[in-house]
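# Analysis of the macromolecular model
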Amino acid sequence: MRVVTTVADLRKAINQAREEGKKIGFVPTMGALHNGHIQLVKRCVAENEFAVVSVFVNPTQFNDKNDLLKYPRTLEADCKLLEEAGCNLVFAPTVDEVYPEEDTRLFDFGQLDKVMEGEFRPGHFNGVAQVVSKLFDMVTPDNAYFGEKDFQQLAIIRQMVKQLNSPVEIHPCPIVREESGLAMSSRNTRLTPEQLAEAPKIYQTLLASKAMKETKSVSEVKAWVINELNKNEFFRVEYFDIVDGLTLQSLNNWSESGYAVGCIAVFCGEVRLIDNIIYG
Ligand code: PAF
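Report on the accompanying structure. (Residues numbered from 1 in each chain as written. Predicted model: local features only at pLDDT ≥ 70, side-chain atom pairs only at ≥ 80, totals over all residues. Heavy atoms only, no water.)

## Side note on the overall build of the protein chain
The condition is simple: Helix numbering and strand numbering both begin at the N terminus, where a helix is a DSSP run of H or I of at least 4 residues and a strand a DSSP run of E of at least 2. For a compact globule the rule gives 2.2 Å times the number of residues to the power 0.38, and the radius of gyration it is set against comes from C-alpha atoms. The contact criterion used throughout is that any non-hydrogen atoms of two residues lie within 4.5 Å.
For the protein chain, the count of helices and strands is eleven helices and nine strands. Computed over the C-alpha atoms, the radius of gyration of the protein chain is 19 Å, within 12% of the 19 Å expected from 2.2 N^0.38 for a compact globule of 280 residues. Its C-alpha atoms put the protein chain at 60 × 40 × 35 Å along the principal axes. Considering only contacts within the protein chain whose residues lie at least 6 apart along the sequence, 72% involve residues at least 24 apart.

## A word on the nonpolar core
Among soluble globular proteins, nonpolar side chains are generally buried collectively. We count it as follows: Among the buried residues, those of types Ala, Val, Leu, Ile, Met, Phe, Trp, Tyr and Cys that are joined through side-chain atoms within 4.5 Å form a nonpolar core. Burial status follows relative accessibility: with a 1.4 Å probe on protein chains alone, a residue under 20% of its type maximum counts as buried, one over 50% as exposed, and anything between as partly exposed.
Counting residues in each nonpolar core, the largest one holds 47 residues, and the members touching the most others are Leu10, Val52, Phe136 and Ile170. Considering every element that reaches this core, the biggest residue donor is helix 7 (residues 124–139), with nine residues. In terms of nonpolar packing, the next biggest core, distinct from the first, is built from 25 residues, Leu206, Val237, Trp254 and Val271 among them.

## A short note on helix 7
Which entries qualify depends on this criterion: Multiplying 1.5 Å by the residue count of a helix minus one yields the expected span of that helix.
The end-to-end C-alpha distance of helix 7 is 22 Å, a good match for the 22 Å that 16 residues give at a rise of 1.5 Å each. Within helix 7, 15 of the 16 residues are buried, leaving the element largely enclosed by the surrounding structure.

## A short note on the sheet that holds strand 7 (residues 235–244)
Under the convention used in this document: For two strands to be treated as a pair, DSSP must find at least two bridges joining them. Only the contacting stretch of a helix is used when fitting its axis, a line to C-alpha atoms as for every element, and angles between N-to-C directions run 0 to 180 degrees.
The three strands are arranged 7-8-9 in an open sheet whose pairing can be described as antiparallel. In this open sheet, the two edge strands, each paired with only one partner strand, are strand 7 and strand 9 (271–278). Sheet twist, expressed as the average angle between the axes of neighbouring strands with direction ignored, equals 15 degrees. By the bridge criterion, nine bridges tie strand 7 to strand 8 (residues 260–268) in an arrangement that is antiparallel. In the sheet register, Ile242 faces strand 8, and the bridge partner there is Gly262. The sheet contacts of helix 10 (residues 200–211) involve strand 7, strand 8 and strand 9, and relative to strand 9 the element is tilted by about 25 degrees.

## Looking at the site of the ligand
What counts, and what does not: Proximity criterion: a residue is near a molecule or strand once any of its heavy atoms comes within 4 Å of it. Any pair of nitrogen or oxygen atoms within 3.5 Å is treated as a polar contact; in protein, a donor-acceptor pairing is required on top of that, and neighbouring residues in sequence qualify only through side-chain atoms on both sides.
Every residue near the ligand is listed here: Pro28, Thr29, Met30, Asn58, Gln61, Val131 and Gln153. Between the ligand and the protein, one listed contact pairs an oxygen atom with a side-chain N or O atom of Gln61 at 2.6 Å. The contact in question runs from an oxygen atom of the ligand to an N or O atom on the side chain of Gln153, over 2.7 Å.

## Things to note about the side chain of Arg187
With respect to the element layout, Arg187 can be found in the loop between strand 6 (169–173) and helix 9 (193–198). A polar contact is formed between the side chain of Arg187 and the side chain of Asp67, at a distance of 3.2 Å. Leaving out residues up to four positions away in the same chain, Arg187 has contacts with Asp67, Arg121, Val271, Arg272 and Leu273.

## Focus on the pairing of strand 2 (residues 24–29)
Cut-off, in case you're wondering: The handedness rule is simple: strands pointing away from the viewer, and a clockwise path from the first strand over the helix to the second, make the crossover right-handed.
With six of six residues buried, strand 2 is to be regarded as a mostly interior element. Residues Ile24, Phe26 and Pro28 line one face of strand 2 and the alternating positions Gly25, Val27 and Thr29 line the opposite face, and both faces are buried. Looking at chain direction, strand 2 and strand 3 (residues 50–55) are connected through six bridges and run parallel. What sits directly across from Ile24, in strand 3, is Phe50. Where the polypeptide runs from strand 2 across helix 2 (residues 35–47) and back to strand 3, its parallel neighbour, the crossover connection is right-handed.

## What about the pairing of strand 6?
Where strand 5 (residues 143–147) lies against strand 6, five bridges are found, and the strand directions are parallel. Along strand 6, the bridge assignment pairs Asn143 with Glu169. Of the crossover connections in this fold, the one passing from strand 5 over helix 8 (residues 151–163) to the parallel strand 6 is right-handed.

## Concerning the packing of helix 10 against helix 11 (residues 218–230)
What counts is decided by this rule: Comment on the angle field: the value is read as roughly parallel under 35 degrees, roughly antiparallel over 145, roughly perpendicular from 65 to 115, and oblique elsewhere. A crossing counts as left-handed when the near helix is turned anticlockwise from the far one by less than a right angle, and as right-handed when that turn is clockwise.
Where helix 10 meets helix 11, the closest approach of the two axes is 10 Å, and the angle between their N-to-C directions is 155 degrees. Taken together, helix 10 and helix 11 sit at an angle that is classed as roughly antiparallel. In this structure, the crossing between helix 10 and helix 11 has a hand that is right-handed. Two secondary-structure elements touch here, helix 10 through Lys201, Ile202, Thr205, Leu206, Ala208 and Ser209 and helix 11 through Val221, Trp224, Val225, Glu228 and Leu229.

## As for the side chain of Glu117
Along the chain, the position of Glu117 falls in helix 6 (residues 117–120). Here Glu117 falls in the buried class, since its relative accessible area comes to 6%. With residues near it in sequence (within four places) discarded, Glu117 still touches Phe125, Gln152, Tyr239, Ala265, Arg272 and Ile274.

## Notes on the sheet that holds strand 4 (residues 89–91)
Taken in spatial order, the six strands line up as 1-4-3-2-5-6 in an open sheet, and their pairing is parallel. For this open sheet the edge positions go to strand 1 (2–4) and strand 6, each flanked by a neighbour on one side alone. Pairwise comparison of adjacent strand axes, ignoring direction, gives a mean angle of 25 degrees for this sheet. Taken together, the three bridges between strand 1 and strand 4 define a ladder with parallel strand orientation. Bridge pairing links Val4 to Phe91 in strand 4. Contacting strand 5 and strand 6, helix 8 crosses the sheet at an angle of about 170 degrees to strand 6.

What follows is the structure in structure tokens.
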């Protein structure tokens, strides 16, 4: 496995792989890798002859500068995990390499980025689209892999690919959970042992709400989830919404969509966790 930090070296390695007739797979990450990322990488390795992973903490997607500063940076440990997973090339650029000039592009995703994460993290998805479109241009992958934990991000990336006529095929990958049910996240390392013991209740509550679908209305299920979590002193729900999985717009009735998804952001102490559940 090679590690490159410049676009020039990245392009050379990609060109060589292309000359050898290899299909290029890509997993963009911000590092601090956990088993959730590694599952994406393993799938990428299995489905492509040349697997590229980027490790880049993208400043333009952080609306909270403190969050950017606190974001864990663990390149050495990440590379060890990536090598074990069979990755061929790691791209770990500096901020100046990715943004030699300020990126002033503004994407228009219609209503997709106005809700949920988009409402509470203004500018976040524009920053994600800026960096992912740049990385796609640099890596020129055939296939790219994204986790379903960031459900809204996946919808935005799909829309971006459509808007830009990008030839990259986007592959969603299921959420990877701890045995406790807690969705794997780089942020979990910031939870105290007490918080870590409570955090699985987020998924347990979502699962319990799924069982209510037959007997309760959308608004009753929403209210129940929010109340159930907020009555626990460890949690503060930022939002919980039940939306159509394609448009991401709120549902009023279960019959409005055959693809209802519950998306949640919850503060567990200082740590903001997201998760989702597909009601079907
Ligand atoms: O999901 C992430 O880790 C990031 O948003 C991504 C896609 C790597 C862009 O920085």
